Amino acid sequence: MTELAVPELSLVVLIGSTGSGKSTFAHKHFRHTAIVSSDACRGVVSDDENDQSATPDAFALLHHIAGIRLRRGLRTVIDATNVQPKARQELIAVARAHDVLPVAIVLDVPDDVCCERNAHRPDRSHLARHVVTRQQRELRRGLRGLEREGFRKVYILRGVEEIASATIVDEKAWNDRRELTGPFDVIGDVHGCRAELETLLGELGYDLVRDDAGRAVGASHPAGRTAVFVGDLVDRGPDTPGVLRLVMGMVRAGTALCVTGNHENKLVRALDGKTVRIAHGLAESLAQLEAEDEDFRKATLDFCRGLISHYVLDGGRLVVAHAGLKQEYHGRASGRVRAFAMYGESTGETDEYGLPVRYPWAEDYRGRATVLYGHTPVTDLRWVNNTLCLDTGVVFGGKLSALRYPERVPISVPAERVWYEPVRPLQATTIATGAGVVHRDPGVLDLDDVLGRRVVETRQHGRIGVQEENAGAALEVMSRFAIDPRWLVYLPPTMAPCATTQLDGYLEHPAEAFAYFRSEGVPKLVCEEKHMGSRAMVLVTRSAQSAADRFGVDDGSTGVVYTRTGRPFFDDTAQTEELLARVRAAAETAGLFDELNTDWLLLDTELMPWSAKAIGLLRNQYAAVGAAARASLGTATDLLTAVAARGLDVADLIDRTAARKTDAEAFTTAYGRYCWPVDGLAGLRLAPFQILAGEGVNYAVRDHDWHLSRIDRMAAANTDLFTSTGRMIVDPTQPDSESAATTWWTELTTAGGEGMVVKPYDAMVRGAAEGDRLVQPGVKCRGPEYLRIIYGPEYMRDNNLRRLRTRGLGRKRSMALREYALGLESLDRFVAGEPLWRVHEAVFAILALESEPVDPRL
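Rules behind the numbers
Residues numbered from 1 in each chain as written. Predicted model: local features only at pLDDT ≥ 70, side-chain atom pairs only at ≥ 80, totals over all residues. Heavy atoms only, no water. Helix = DSSP H or I, 4+ residues; strand = E, 2+ residues; numbered from the N terminus. Contact = heavy atoms within 4.5 Å. Areas by Shrake-Rupley, 256 points an atom, 1.4 Å probe, with all protein chains shown as cover. Salt bridge = Lys/Arg side-chain N within 4 Å of Asp/Glu carboxyl O. Buried < 20%, exposed > 50% of the residue type's maximum accessible area, 1.4 Å probe, protein only. Pairing = 2+ DSSP bridges. Axes fitted to C-alpha atoms, helices over the stretch in contact; angles between N-to-C directions. Core = buried A, V, L, I, M, F, W, Y, C linked by side-chain atoms within 4.5 Å. pLDDT = per-residue confidence, 0-100. Arc of directions from axis to C-beta. Phe/Tyr/Trp six-rings, centres within 6.5 Å; stacked < 30°, edge-to-face > 60°. Lys NZ or Arg CZ within 6 Å of the ring centre and 35° of its normal.

**Remarks on the overall build of the chain**
For step 1, the next point in the chain: Counting its regular elements, the chain contains 27 helices and 35 strands.
For step 2, the next point in the chain: When its C-alpha atoms are laid out on the principal axes, the chain stretches across 115 × 80 × 55 Å.
For step 3, the next point in the chain: Contacts spanning at least 24 positions in sequence make up 71% of the contacts within the chain whose residues lie at least 6 apart.
For step 4, the next point in the chain: For the chain, the accessible surface area stands at approximately 37100 Å², while carbon and sulfur atoms represent 50% of it.

Structure, rendered in structure tokens:
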């Protein structure tokens, strides 16, 4: 049996004359979707697989399909004769363009076998023997030069039996260590600073291993963490051999990984006797290594020569490369990828210090994987689009830095001294765009980040799709009406209604809400009073300086109040600041900033009265309906009374008209409860019900008692502004507990309240009914009189209720869950310090989902 090791990501080129069995071999060893056949492509472009006049177009299609598959990271198998060097060169060019390895598998069978097989194929029986003879001649002429042509692996299978006995073994790329999930400690450029490395490892919790001479020859972490070095272990510093001895020991013991840096690459060439320029600290390394024995120098050469360009770790969520790596290079293997990983991308220009100007690849990065790298020293660690440079210039007197992953916690130790004077001061590190040298703002949002059909990956609900037409509608709102995007880190989700009840006189009832959560196995609920106001997100900072430091807003504002669609709640910025000042004072009095160790808070609230924001809706829709109904029905009643006085029997019509008038008056009374005069802030009431986030923490997943107990402290600090939220704890498995909550709901709604929201006590809960999916974060249960506002004055008539009970709720519930997951995702991304475009990807998706065709009355 012959085993053929084929890289999982590669372009496999089958080579053999017609009739050699390429198609059979391909379908035996590779999935059918991976095979791109020249015959099939010829059929696609001409409706005839044997139409040789279509060959140029067929191969253009073949190369295009192969390119798309390789770009998407899929192994691709080319089923064509490929006996001519030109055909193979075009395929090698496709592989190189996508930085994958080309693999040649040659099927060399006797001419007679090929001819016999062709004779039994109706579509090939017309082929003359000389065609096979010519192809076989071309095949054998090129066998020896396949590796020189650029194939990284060449397998030649001779004869039918060897072909039949061959097996394909998947070969992982050397850089593919996705099975390693950490936790990791990724360490920046060391440059021969052994003492600082030992100190840093100690800070990270590693136990050093020393030899008889007291030299550090390894280290391990008691919790099983793995160190990952970003390269440039050598040059410039005082003890390159000491650093190598320690890191090589750790790699050998399996407690560390290391990628190559440009300095290791240059050291290898120097130790190999190649002509290199002795500069940038290489002289120091060579001198220090000269004092070591031959065995150590050989071990150093073998170690540095064996270092690879980059590692893909943690299921593809982490990439480590010396100079960073663009998304399209992750997991790829080519000279171009290796060069980028070692040196980055230069503009070809030099700065005033004679050093290359680097192109800012990180500021264009939009990949999902976190990329950690070094190479270009910086004074401070700064996240740029999910990438972080860990070279903080220890050899130049800066710091030696590491990042704990996945915790994203940075650890740094100072240099003991300046070991090497930098050519360029650390503060003068430059990047380039266009013709000039500038620093670009990674917070700038790009249309390409939100336009078109998109899929947003969420931690809590998987992949959520956004349709192109919905994205267009959201863009209209976001670009024309929304607040400054630097403030807009979250949008609240819509809320699902409870199931329709069959109880007489009701459309919604708490029993259905309790039944839903009981079916999901939720053991404890909280019922919260539903305030009839407008949803308002309040983001308040401790000071204008805090706003500038954390949100980059330096116009003197201290926060923002915005609607559920991202629009400013007040047109007057002074009114906004006045409200924020009162919220800030209450939070200070309640001790929340200090308790939560944050200089900002994001609150989910209801701002009352409803008329403060919806006065236009009230005047043009609700008040108009109420006034017209009262006027017309009052007149109708008077006329019918006069008609009855003349002796006509219109009693039933009078009763129906009177009932309609009563309904109209109830309608006016219902919406009137939520309207009262407001002068500036006088008359406004704010009812916070959740503290969504503060610095570094997403609080939205905390239980509701945690939220409401702290909000109660704020409310007590300013009873003129704040309204507390009434609530009741419910055990859905206990009828008495449900009954008490239902009685409370009845009292609330009878007194004119809107109703209540039933929530899992523990906030984010996964259900038992259908696997591990999210349970609704809240189900609203509205009272009969409030629903009169939503569905009209006469909705409680039997015929109307019957119709309304058939309304479909599934789309609304689905939207509520998706928006909830997206909201959690945006908060998670923001508090983790991810770039603004990543936060807005989720925020924008919520706004886009609001454009889906769902009955707004639900």
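Right, picking up where we left off after that structure.
**Things to note about the pattern of salt bridges**
For step 1, the next point in the chain: Under the definition given, this model contains 55 salt bridges.
For step 2, the next point in the chain: Residue Arg177 pairs with Glu179 through a salt bridge whose shortest N-O separation is 2.8 Å.
For step 3, the next point in the chain: Members of the salt-bridge network, linked through shared partners, are Arg368, Arg459, Glu825, Arg829, Glu834, Arg838 and Glu841.

**Quick look at unusual backbone geometry**
For step 1, the next point in the chain: Cis rather than trans, the peptide bond between Tyr405 and Pro406 has omega equal to 15°.
For step 2, the next point in the chain: The residue after Met608, namely Pro609, is reached through a cis peptide bond having omega 5°.
For step 3, the next point in the chain: The phi torsion at Asn82 lies on the positive side, around 50°, for a residue other than glycine.
For step 4, the next point in the chain: Checked against the element boundaries, Asn82 lands in the loop between strand E4 (76-79) and helix H4 (85-97).
For step 5, the next point in the chain: The phi torsion at Ala763 lies on the positive side, around 65°, for a residue other than glycine.
For step 6, the next point in the chain: Mapped onto the elements of the fold, Ala763 is located in the loop between strand E34 (755-760) and strand E35 (779-782).
For step 7, the next point in the chain: Owing to a relative accessible area of 5%, Ala763 belongs among the buried residues under this scheme.

**Brief notes about the environment of Ala471**
For step 1, the next point in the chain: Here Ala471 shows up in helix H15 (residues 468-480).
For step 2, the next point in the chain: When its relative accessible area of 0% is taken as the criterion, Ala471 is described as buried.
For step 3, the next point in the chain: As a C-alpha pair, Ala471 and Ala66 span 405 residues in sequence and 31 Å in three-dimensional space.
For step 4, the next point in the chain: Among all residues touching Ala471, those that are not within four sequence positions of it are Val450, Gly452, Val466, Phe844 and Ala848.

**A short note on the sheet that holds strand E3 (residues 35-37)**
For step 1, the next point in the chain: With parallel pairing, the 5 strands of this open sheet are ordered in space as E3-E4-E2-E5-E6. This sheet does not close on itself; its edge strands, each paired only once, are E3 and strand E6 (153-158). Each strand axis lies, on average, 20° off the axis of its neighbour in the sheet, ignoring direction.
For step 2, the next point in the chain: Against the sheet, helix H3 (residues 55-71) contacts strand E2 (10-15), E3 and E4, and its axis sits at roughly 165° relative to E4.
For step 3, the next point in the chain: Sitting on the sheet, H4 touches E2, E4 and strand E5 (101-108), and the angle it makes with E2 is about 170°.

**Things to note about the sheet that holds strand E18 (residues 370-373)**
Through backbone hydrogen bonds, the strands of a sheet pair up, either in parallel or in antiparallel fashion.
For step 1, the next point in the chain: Read across the sheet, 5 strands follow the order E8-E14-E15-E18-E19 without closing on themselves; strand pairing throughout is mixed. Of all the strands in the sheet, just strand E8 (176-177) and strand E19 (387-389) have a single pairing partner and so form its edges.
For step 2, the next point in the chain: Looking at chain direction, E18 and E19 are connected through 3 bridges and run parallel. By the bridge assignment, Tyr373 is partnered in E19 with Cys389.

**Quick word on the nonpolar core**
For step 1, the next point in the chain: Counting 44 residues, the largest nonpolar core has Tyr562 and Leu602 as its most contacted members.
For step 2, the next point in the chain: Considering every element that reaches this core, the biggest residue donor is helix H27 (residues 836-849), with 9 residues.
For step 3, the next point in the chain: Those residues in contact with Leu602, other than ones at most four positions away along the chain, are Val489, Tyr490, Val538, Leu539, Tyr562, Gln690, Ile691, Leu692, Ala693 and Leu827.
For step 4, the next point in the chain: With 41 residues, the next largest nonpolar core counts Val268, Leu289, Leu301 and Val395 among its residues.

**Some points on the pairing of strand E15 (residues 318-321)**
For step 1, the next point in the chain: By the alternation rule, side chains of E15 split into Leu318 and Val320 and Val319 and Ala321, which are all buried.
For step 2, the next point in the chain: Relative to E15, strand E14 (residues 310-313) runs antiparallel, the two being bridged by 4 bridges. What sits directly across from Leu313, in E15, is Leu318.
For step 3, the next point in the chain: Joining the antiparallel neighbours E14 and E15 is a turn of 4 residues, in which Asp314 adopts a positive phi near 50°.
For step 4, the next point in the chain: Looking at chain direction, E15 and E18 are connected through 3 bridges and run parallel. Following the sheet pairing, Val320 is matched in E18 by Leu372.

**Some remarks on the confidence of the model for the chain**
For step 1, the next point in the chain: Per-chain confidence: the chain averages 88 in pLDDT, with 93% of residues scoring 70 or above.
For step 2, the next point in the chain: Every residue in residues 430-442 scores below 50 in pLDDT, and together they form 32 contacts with partners more than four places removed in sequence or on other chains.

**Thoughts on helix H12 (residues 282-290)**
For step 1, the next point in the chain: Turning to H12, its buried residues are Leu282, Ser285, Gln288 and Leu289. Seen along its axis, H12 keeps its buried residues to an arc of 130°; they face one direction.
For step 2, the next point in the chain: Contact partners of the buried residues in H12: helix H10 (240-253), helix H11 (262-271) and helix H13 (294-305).

**A closer look at the packing of aromatic side chains**
For step 1, the next point in the chain: Within this structure, the stated rule accounts for 14 aromatic pairs.
For step 2, the next point in the chain: For the pair Trp487 and Phe551, a centre-to-centre distance of 5.0 Å together with 35° between the ring planes defines the contact as tilted. With Trp487 in the loop between H15 and strand E26 (496-497) and Phe551 in helix H17 (residues 544-551), this pair connects stretches of sequence that are 64 residues apart. The exposure classification of Trp487 matches that of Phe551, with both residues buried.
For step 3, the next point in the chain: Between the aromatic rings of Tyr516 and Phe517, the centroid separation amounts to 4.9 Å while the plane-to-plane angle is 65°, which identifies the pairing as edge-to-face.
For step 4, the next point in the chain: When its relative accessible area of 0% is taken as the criterion, Phe517 is described as buried.
For step 5, the next point in the chain: By the ring-pair criterion, three or more aromatic residues cluster together here, those being Tyr329, Phe340, Trp361, Tyr365 and Tyr373.
For step 6, the next point in the chain: When the ring centre of Trp706 is taken as reference, the NZ or CZ atom of Arg702 above it lies at 4.9 Å.

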